[in-house]
Every structure is written in C-alpha cells, then in structure tokens.
Amino acid sequence: MSSSLKGKGSAKRSIAAAVACAALFFPALAAGQAPAPPSGLTARDHSWDNGTRIDLQWTASADEATLRGYVVRRRSTVETNFSVVDIVPAGTNALTVGSLNREAGHLFRVTALGANSLESTPAATTAPVFPTMEWFDGTRVWFLFTLVLLCGSVVAFIVLARRGMPLTLRRIAGLEAVDDAVGRATEMGRPCLFIPGINDMNEIQTIAGLTILSRVAKTAAEYDAKLEVPTSKSLVMTAARETMQTAFLTAGRPEAYNPDSVYYVTDEQFGYVAYVQGLMVREKPAACFYMGSFFAESLILAETGNAIGAIQIAGTAQPAQLPFFVAACDYTLIGEEFFAASAYLSGEPDQLGSLKGQDVGKLLVGAGILLGVLGATAAALTGSAFIESLVNFFTGTMLT
Amino acid sequence: MTPTGSLANIRVILATDCGSTTTKAILIQPVDGVYRQTHRGEAPTTVEAPFADVTLGVINAVTEVQELAGRRLVNSEGRIIQPATANEGCDIYISTSSAGGGLQMMVAGVVREMTGESAKRAALGAGAIVMDVIASNDRRRPHEQIQRIRELRPDIILISGGVDGGTTTHVVQIAELIAPAKPRPRFGSEYTLPIIYAGNRDAAPLVQNVIKEGFALTVVDNLRPVLERENLGPARDAIHNLFLEHVMKHAPGYDKLMEWVDAPIMPTPGAVGNILQTIAGRQGVNVVGVDIGGATTDVFSVFDGTFNRTVSANLGMSYSIANVFAETGMANVLRWMPFDMDERQLRNRVKNKMIRPTTIPQTLEALVFEQAVAREALRLAYVQHKEFATTLKGVQQQRTVGDTFSQATSGQTIVDNMKLDLLVASGGVLSHAPRMHQTAMMLVDAFEPEGFTRLAKDSIFMMPHLGVLAQVHPQASLEVFDRDCLIHLGACIAPRGAGKAGRPCFRFSIRTGDREESGEMLYGDLRLVPLGERETAIVIIDPERGFDCGGGPGKRVEREVRGGTVGMILDARGRPLVVPTARAASREMVERWGAALGLYPELAPLLTRHS
C-alpha cells in the first residue's frame, strides 16, 4: 500500500543522489542490463485531504524479484526537470506523494532500480494531475471526534439545563459573601467600594469584573446601600454606569441610581491607586470589591482595606496577584471562579450548561495528559514496542 | 415577688405551668437530702370565658397536688399559703405561662440576615413566637410592609438595626413604617402596644421622635453593638418585663397570679430554654431539646454556651400535620413504615388528625403511622433549627495563604451532631409513646446524632417549671432535673460516614461491672445492648477507615456511657442516614431496624396480614 514521504525524505533523496552519481562517475558499475520498467502508472488526487497529496499506483516490473526498488520522480507544470521524490523498496506499487503545490499540475515518473543500480525506462503519467482540497481533511478525524465531544458536551448540558435538569455548581464563597459584605456596609452606614481593575474594556477580566458589579449593584440597591465605583479607564466608567443602571432597575429601585457614583479618576496606575487609597482612608468603606485585572496595586489596595476593617472580596486571573489577595482579603475568586461568576450568579440554563460542558472538556484534557504521561513512562520503563506504538498513535495521530 | 429567706431555708416549692389547655402543678420537696418532685396535679386552664381567670385553673391544679401530698397548699380564700410550715404551705411559688397563644412578637432589623436575625434570636430566646421579620432587604415595598404590620396583632414589637455609630437612616425608616401602621394589640382596647428599641444608640432619639403616641417605647442597649458580637441580654430582659407589665396584666386573671408568684412569670418556651442553658452550663455539655406539639415544634440547642431556639410554626402532629406532608412529601413519611398503606387511607388519617387533634392512636397501625410522621416533623424542624443557629453574618474574616482553597463563609451552622452530648425529647408523641424504645428510635432517626449521645425524655414536661426555678434556686432545679424530670433512655453510638451494606463499619468492646462484650457492626446494622438506668459501661469503638466516632476518621474512641430504660443503641447505619423512598427497600430496612430494637413486638402478625 501507500507510504508517506514524511520522515524518510532526506535519506531517500541521498540514496537517489548516490545512485545518480554512481551512474555518472562509475560507468563500469552501470555495465549490464537495465531492469524491465514498471507500467500502468496512474496518479489521482488523494481524497479527503487539504489539497497537497496525490496517490500514485503502478504495475510492478517483470524483474520485480531482483529489483532494489522503484524511483519516483515528479515535476510540476511550471518546472522543466523531474526531481526524485522517493525510492521505495521492491514489492511496493503505490505511493502517496505529499507537500504538493495545489496551484500547479504534477507529472510523475516511476523507474525500476536494478540490483546493479541501473534504472529502467520510466512509466510516466501523460496528463498533469492537480491536487484538490476537500471540505474535510481525513487525517483530522480524531480532531473532529475531540471537537464533537467537547462541543457536544456543552450543547448537551445546555439542552439538559433548558429542559429543567438541575445543574449544581459548587459553592463559591466569594460570590456567596456579596450579600454579607453589602449587608455589613448597610448596618455600619458606610459605602461599598468597587474597583474594576486597571485595564480597559479589551481585557476579559474587566468584563468579568463588570458582571460581578451587576450583582453587587443589585444587592446595594435592594439594601439601600451606597456604592462607589472609581475607574481608571473612561470606557470602563461608561460600561460600569450602564451596568449599575440596569442593576438598579432590576432591583426595582431605578430612582436610587446615581451616575456620579461611577467616575473616572486617571489612567495612571499609581495616580489611580493613590486616589483610591485616600478615598478608603477618608470614607472607610465597609465593603471593598476588587474585580478585574490587577498588578502592583493589588496588595496596596487590599492592605488598606484590611486596615480599615472592611470585608474585602477580590477576583482576578492574574496568578502573581492571587497570593496577595488571598492573604489580605476575606474572600478571593481564583481564575476560573472569576469567569464562572456570571453563570453562577445568573443561574441561567444556557450559561450553566456551557460551564458544565467546559468542565467536561477540562476533564477530558486532564485525562488525556494523565494517560499520555503514564503511557510514555510505561513505554520508557518497559521498552514495550506495543505501548510505544500506542503512545505514538495517541500523540501522532489522535492529537495531531 | 422575691423568695423569702436564704436558699437553705427553702424546703417546699410549688410550681405551675399554665398551658393553653392544661394547667400543671408540681410540688418539690427535699427527700433524703436532695430535692425531688414529689407530687403532681393538673386541671383545665381557665383563661378563656366563661371563667376568664387563670388563677381558677391554678388553684384547681394545686388543690389536686394538695390532696395527693396531704399537705394544705390553698387557704379558704383560695390563695396559695406562704410561707411553709410543717404541714401546710410552700416556701416558693413560681409559674410559667403559654396560655392564650403565648407571647407573640414582631421584630424588625436593617438587614434581615444580620440585625434582623439577631432580633429574632432575642425574641425566640425570650420565649416568644416571631410572627414576622421586617427588614430593609425583605423585598417588600414600603406599602406592603405597612400592610403586613397592620395585619399582625403582636404583643410586643422589637426594633433593632445598625451597629452603634452605624446607619441611622435605615432605622428611622423602619420606625416610620411602624408608626403610621399603628398595629393593634391582641388584648384590650386600653392596651398600649409596647415597642422595644434595641438598635444603633445614635438613632435612639430619632426613633423616639417618630414613635410617640399610642406606643410604649422602651430603649435598651443595642443587641448588635458591633457586627462581630451580639448583646441579646438587655433586649430579652426588656421582653420579659414587658411581657409581665403589659401582656400578662391584660390577660384574664394574670394580675392576680403575678402577685402570688415569687419569681417573674416566664413564657413557657423561655423557661425551657433557661433550664437547658443552666444544665449545659453546669455540666459543660452541648444539649438539644425538642418539644413537639400539635401545631408547632420548638427546638432548643446549646452548643459551646450559645443558646438558640426555633419555633417551626408549621410542623406539628395535629393542626399542622398536613403541613408536614406538604413539606416532606408522602414518600418520605411512608419510608419509615414497615408496611404499606393505601394512599386514600393515609389521607383520611391525616385529615382526621387535623379535625380531631386530641385523638390518640387506637391501633398499632395508627401508632406506627403517627410515629413516622413525627420522625419527618422532627427532622424538618431540626433542619430549620440548623439553618437558624449559625455564626454571625457580616463578620470580617482573617485569612492566610493556606486558606486559598478553603474559604469558609460566615453564617455557618453551629449545630454539630458530633459534639452533641444530650438530646432531650418532650411533647405528646415522644413522651407518651407506649415503649421507650420508640421514643429513642424517633429521636435517633430524626436528629441523626453522631458519636456518643445521651438520649432522654422529659417525663411530664417539667422543664418549664424547672426553668423558672433555676432563676431562684438553681441547685433544686438541677437536682430535680436529673432525678425526676429526665427519664434517661440510654445512649446512641453512631459513627459518621458512609459505606456499603454488609461491610464492616466499626468494632466495639463494652465493659461493665460484671460482663464484657465485644463484636463487629456491619454497615446498615442496628443493635441494642442492654444497659440499665443506673449502669455505666466503658465502651471502646474502633471505626473502620472513613468512619468517625468523634476521634477522627478510623480513630479509636473510648468513653464512659450511661445506660437508660432502653439501653445502648449501636447504630452502624452511617451518617447522614439514608433511607430510600423506594417502598420495597425501605420496608425491608425499617422492619429489620424495628426488629433489632424491638420497637413493635406486636407487629409481626400485622405484617403477615399486610403481606
């Protein structure tokens, strides 16, 4: 059957060159009879590929038994000379030639290579063959399977959630504590402070932070508590205002919404931090929320909040800042928890289903990594060819 | 109103409890150097027309005690004789009351889960029934809140809200809801509705400005001065005082009764809470008490010195029996029954119990059915209690980096069955069960005690009397509580954890004075080891991995266990207890457990008939 050029190309090209050199410079060696040529060479576009492969097939030479192999050559319609593509061992009568330019047609020749290194006359294709790209690349079947599994689980969970199947999420303490924090501020007669990070709206963490702002603002509206949102980007201010207005409307208290409670301070990182810190010391908010993308300011803000006795809830996907938040805040949403907040808080079937589906995907990836590591380790320890072939299949075929 | 003489001179104590239907009187006297309850009498309560004088019922009950004791307690003028002489009178007379529906209160706070909950705790702890909690975040519009306040007819209103130095606007807003609503009291047209203000001290003058006419406003210390701490004492004292000064004075005959007593009359549940707190404090134990009635179920708990009480107003054995079914579902009740019951028959039983609340089971089937309902009512009441008895909410947390993946929230329940030492039962279905084993089993099934837990029942619902007595003579109260009030049923030993049926759960070794016994319990099994009321045993439990009997998973525990009328129950059914609702499975399980404890020895022929 066909074999691929991949991996063997350079070695085979060297052999072909050696054969050519031998014929040129050592005529004595070429003395003798050239083998009978192969016949009936056909070239067809390789089906279900990305338009880079052509399948060749020929009828074996009459001297098959004494042959060293067959030399396959190729030339595109824009080239003048044939070049060696591969030398395949005797007994082979098919080859898939890859890495072809699909813009051009390709002509092929196959010669039989005798034991004395003499080549037969070639069997050749008469018309150029164009490799064509199909809508699906057959080598990516496993990729498709994985994709269907991952997306399918998301879709399946969404459908199940819509049909009323209860999907439970583990409790996220930081989100549960929003009521506590706003309640504390209400009882103490002090404001709540919400910091949506120092990045702009192109940062996904800022968007996730605003989702949580929606919940905080709704709770503040219900409790009749004051909520202040200083921002370091003007676009974030606009988005935060809209978020808050909607939240107050949802809570049934649109009249309590004050657009001035969301305002822009400065784009400068430490200018912004200095302002917020001063605000915290002066106003002593009883609840501080840090939700978004944070850098060096994380500990400055959280320590100040801790010092004034506020309940603090932080959420970020910046791994470097998490330890600071965990140590200084009451509750911290870590990475994925932060992004899951939207589904967690809304409880909407679509979002919950999507979250569950993603969890299945993560589980599969985790299982794949574990399986690969275990297989590779076992192959290395035991030297088993079977396990190695399994690992190669897994890494070379399933995961490519 | 105060006991005369020193405590050493007090020899004869008379106590009454004026319930809604029955007034109960007990006589306490020293016997062999310790105080004992010697005689008991009861008579119908006479607070309603045509008598309309609670003292008539009291005198009738005391007269019965007098006849039984052979000691003259009531004089010719119909008054209790004091002080005691050799053959007549008593040194102390005390009383509790729950007549006329007890003390009904409405409470208000700024945030429902914070000061609202603290106010509720204060009211419940004082023995009141909380009709509603008004709060800024209760999701009702102001007009709905005012409407609700108008509809309620509370005896007392408690307003809290704001820490000291905290919000004043929210507190004044609450006052502004109550003042125009002008809620009318239950008793008497001349009655001025008492309001207790126990909120932010800065807001007190503002509240006084709002609540002026038509109310008797009492300002006490803030019950939540800071969010980290509750200060319920002043509010509870104020509730007790107002209960006497306002509520009791307007109830028929109570003005007279208040003159007779030597200690303030307490609401019955408040007195029960009082004795449980005293016992927990003196003995250093964690206690849960339950009183299941026809309409309501009260659960009391003292864990690490923190007292909590809840009233499940919709869970009871007669008036509220249908609510039990509505809340838990028929399948959950049926799973406790060792035989099937036709659904139509079941519905008839429930409805009959509702319209004839005083009936008691006449057949074994009816008894089993009633005890199955009781299990669910108790279980649900305990779930509600656990949800209420929590740590304070809105408290700042201190974290370290080690807490990254274990961030516990505030407001966690403080009820921990593993730490529970004593479980006390009272109320008709528990106290009057034909066999003590049935009472013990109802407690174990409903409360699911873990580790080592003593089980007891209040023999004749004496806890209210002793709760008041604890205020004036704690020693007498404790002695009577231990000797006469409680009937010790025994102990339950149950490890926490889950396993597979038939697999080993724990090994036990029991050593008493004259015998030694050891063995292995398989998961799902139940076993009764006889251990008499005055006996104790040294018990060693070696739980399997994954099971915890108080020492940690798989760790050996050795304890001294006190016996009782039932004995020692070794419960290897795991915790949480899982009883399937599938009939075939649950029937087999319940039948097996019943047989192990000898719950219904007469049931075997009945089961044959059903099968």
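Residues numbered from 1 in each chain as written. Chains lettered and ligands numbered in written order. Predicted model: local features only at pLDDT ≥ 70, side-chain atom pairs only at ≥ 80, totals over all residues. Heavy atoms only, no water.

(A) How the structure looks around the overall build of chain B. Per the secondary structure count, chain B includes 18 helices and 22 strands. For chain B, the C-alpha radius of gyration of 25 Å lies close to 25 Å, the compact-globule estimate for 611 residues. Principal-axis analysis of the C-alpha atoms gives chain B an extent of 70 × 70 × 50 Å. Taking all 611 residues of chain B together, the buried fraction comes to 58%. On chain B, roughly 24100 Å² of surface is accessible, and the fraction owed to carbon and sulfur atoms is 49%. Side chains of chain B carry 64 positive and 67 negative charges; the gap between the two charge centres is 4 Å. (Helix = DSSP H or I, 4+ residues; strand = E, 2+ residues; numbered from the N terminus. Rg over C-alpha atoms; globule rule 2.2 N^0.38 Å. Buried < 20%, exposed > 50% of the residue type's maximum accessible area, 1.4 Å probe, protein only. Areas by Shrake-Rupley, 256 points an atom, 1.4 Å probe, with all protein chains shown as cover. Lys, Arg positive; Asp, Glu negative; His and termini not counted. Charge placed at Lys NZ, Arg CZ, Asp CG, Glu CD.)

(B) Broad picture of a positive patch on the surface. All names here are of chain B. Among the surface-exposed residues, R150, R153, K182 and R184 lie close enough to one another that they form a single positively charged patch. Assignment of secondary structure puts K182 in the loop between α4 (169-181) and β8 (193-197). In this structure K182 comes out as exposed when scored by relative accessible area, which is 55%. (Patch = residues over 30% accessible without salt bridge, like charges linked within 9 Å, V, L, I, M, F, W, Y side chains within 5 Å. Salt bridge = Lys/Arg side-chain N within 4 Å of Asp/Glu carboxyl O.)

(C) Quick look at the packing of aromatic side chains. Going through the model one piece at a time under the given rule, you end up with 15 aromatic pairs over all chains. Ring plane angle 45° and centroid distance 5.9 Å describe the contact between W135 of chain A and F136 of chain A, whose orientation is recorded as tilted. Ring geometry for F338 of chain A against F339 of chain A: centres 5.6 Å apart, planes inclined by 40°, an arrangement best described as tilted. Since its relative accessible area comes to 1%, F338 of chain A is described here as buried. An aromatic cluster is defined as three or more aromatic residues linked by ring pairs; in this entry it consists of W48, W135 and F136 of chain A. Over the face of the ring belonging to F388 of chain B we find R121 of chain B, whose NZ or CZ atom lies 5.2 Å from the ring centre. Seen from the ring of W593 of chain B, R573 of chain B lies directly overhead, with NZ or CZ sitting 4.5 Å from the centre. (Phe/Tyr/Trp six-rings, centres within 6.5 Å; stacked < 30°, edge-to-face > 60°. Lys NZ or Arg CZ within 6 Å of the ring centre and 35° of its normal.)

(D) Focus on helix α11 (residues 349-382) of chain A. Residues and elements named next belong to chain A. Here α11 is 34 residues long and its end C-alpha atoms lie 48 Å apart, about the 50 Å a rise of 1.5 Å per residue gives. Here α11 has its buried residues at L352, G353, L355, G357, G361, G372, G375 and A379. In this structure, the buried side of α11 is in contact with α2 (141-162), α10 (336-346) and α12 (385-398). Trailing α11 by a residue or two, G383 shows a phi angle of about 70°, which is positive. (Expected span 1.5 Å × (residues − 1). Contact = heavy atoms within 4.5 Å.)

(E) Structural view of the interface of chain B and chain A. Chain B puts 35 residues into the contact, and the matching count from chain A is 28 residues. Roughly 2300 Å² of surface becomes buried between chain B and chain A when both sides are summed, with 48% attributable to carbon and sulfur atoms. Applying the counting criterion to the chain B and chain A interface returns 2 salt bridges. Note that E228 of chain B and R184 of chain A form a salt bridge whose closest N and O atoms lie 2.9 Å from each other. Linking chain B with chain A are 13 residue pairs in polar contact (both at pLDDT 80 or more), by the criterion used here. Going through the elements one at a time, α2 (112-125) and α4 of chain B are the ones with two or more residues in the side of chain B that touches chain A. Examining the composition of the side of chain B that touches chain A, we find that 3 residues originate from one element, α2 of chain B, more than from any other. (Buried area = accessible area lost by both parts, 1.4 Å probe. Polar contact = N/O pair within 3.5 Å; in protein donor to acceptor, adjacent residues only side chain to side chain.)

(F) Layout of the nonpolar core. Among the nonpolar cores identified, the biggest contains 70 residues, and V182, F194, I212, L227, M244, F289 and I313 of chain A are the most heavily contacted of them. With 9 residues, helix α5 (residues 204-223) of chain A is the largest single contributor of residues to this core. Excluding anything up to four places from it in sequence, V182 of chain A contacts C192, V216, T219, A220, Y223, A225, A287 and F289 of chain A. Formed by 59 residues, the second largest nonpolar core is a distinct cluster that contains L346, V415, L420 and A446 of chain B. (Core = buried A, V, L, I, M, F, W, Y, C linked by side-chain atoms within 4.5 Å.)

(G) Molecular detail of the environment of A374 of chain B. Residues and elements named next belong to chain B. Tracing the chain through its elements places A374 in helix α12 (residues 364-388). The exposure class assigned to A374 is buried, which follows from its relative accessible area of 0%. A374 sits 206 residues away from T168 along the chain, and the two C-alpha atoms are 45 Å apart.

(H) Structural view of the domain arrangement of chain B. Residue and element names in this part refer to chain B. Partitioning chain B into structural domains gives domain 1 (7-99), domain 2 (102-260) and domain 3 (289-393 + 412-496 + 577-610). For domain 1 versus domain 3, the distance between C-alpha centres works out to 30 Å. Each partner contributes residues to the interface: domain 1 has 18 residues there, and domain 3 has 15 residues. At the boundary of domain 1 with domain 3, total buried surface from both sides reaches about 1600 Å², with 72% on carbon and sulfur atoms. (Domains from an automatic or database assignment.)

(I) Broad picture of the side chain of S293 of chain A. Residues and elements named next belong to chain A. Secondary-structure assignment places S293 in the loop between β11 (287-291) and α8 (297-307). The exposure class assigned to S293 is buried, which follows from its relative accessible area of 0%. Separated by 3.2 Å, the side chains of S293 and N199 make a polar contact. Within the structure, the side chain of S293 is placed 2.8 Å from the side chain of Q318, a separation counted as a polar contact.

(J) Region of the structure containing the environment of H240 of chain B. All names here are of chain B. Here H240 shows up in helix α6 (residues 233-247). Sequence separation between H240 and G270 is 30 residues, and the spatial gap between their C-alpha atoms is 9.2 Å. Beyond its immediate stretch of four places on either side in the chain, H240 contacts A126, M266 and P267.

(K) Focus on the pairing of strand β13 (residues 331-334) of chain A. Residue and element names in this part refer to chain A. Alternating residues of β13 divide into Y331 and L333 and T332 and I334, and every residue in both groups is buried. As paired strands, strand β12 (residues 311-316) and β13 are joined by 4 bridges and run parallel to one another. Following the sheet pairing, I313 is matched in β13 by Y331. Remark: the β12/helix α9 (residues 322-328)/β13 crossover connection has right-handed handedness. (Pairing = 2+ DSSP bridges. Right-handed = clockwise from strand over helix to strand, strands pointing away.)

(L) Quick look at the sheet that holds strand β8 (residues 192-195) of chain A. Residue and element names in this part refer to chain A. Spatially, the 6 strands line up as an open sheet ordered β10-β9-β8-β11-β12-β13, and their pairing is parallel. Because the sheet does not close on itself, it has two edges, and the strands there are β10 (262-264) and β13. Adjacent strand axes in the sheet meet at a mean angle of 15° when their direction is disregarded. The strands that α5 touches are β8, β9 (227-231), β11, β12 and β13; relative to β9, the one it contacts most, it runs at about 160°. Sitting on the sheet, helix α6 (residues 234-250) touches β9 and β10, and the angle it makes with β10 is about 175°. (Axes fitted to C-alpha atoms, helices over the stretch in contact; angles between N-to-C directions.)

(M) The arrangement of the pattern of salt bridges in detail. Residue and element names in this part refer to chain B. In this structure the tally under the stated criterion is 47 salt bridges over all chains. With its nearest N and O atoms 2.7 Å apart, the salt bridge here joins R148 to D132. Taken together, the residues R148 in helix α3 (residues 142-151) and D132 in strand β6 (residues 128-135) connect sequence positions 16 residues apart. In this structure R148 comes out as partly exposed when scored by relative accessible area, which is 27%. Given a relative accessible area of 11%, D132 falls into the buried group. For D542, the salt bridge identified is with R556, shortest N-O distance 2.8 Å. Of the two residues, D542 sits in strand β20 (residues 536-543) while R556 sits in the loop between β20 and β21 (557-562), which places them 14 residues apart along the sequence. Residue classification places R556 among the exposed positions, given a relative accessible area of 54%. Members of the salt-bridge network, linked through shared partners, are D132, D138, R140, R148 and E151.

(N) Local environment of a nonpolar patch on the surface. Residues and elements named next belong to chain A. The grouping of F145, L149 and L364 at the surface amounts to a nonpolar patch, some 260 Å² of accessible area in total. Here L149 shows up in helix α2. Note on L149: relative accessible area 37%, which makes it partly exposed.

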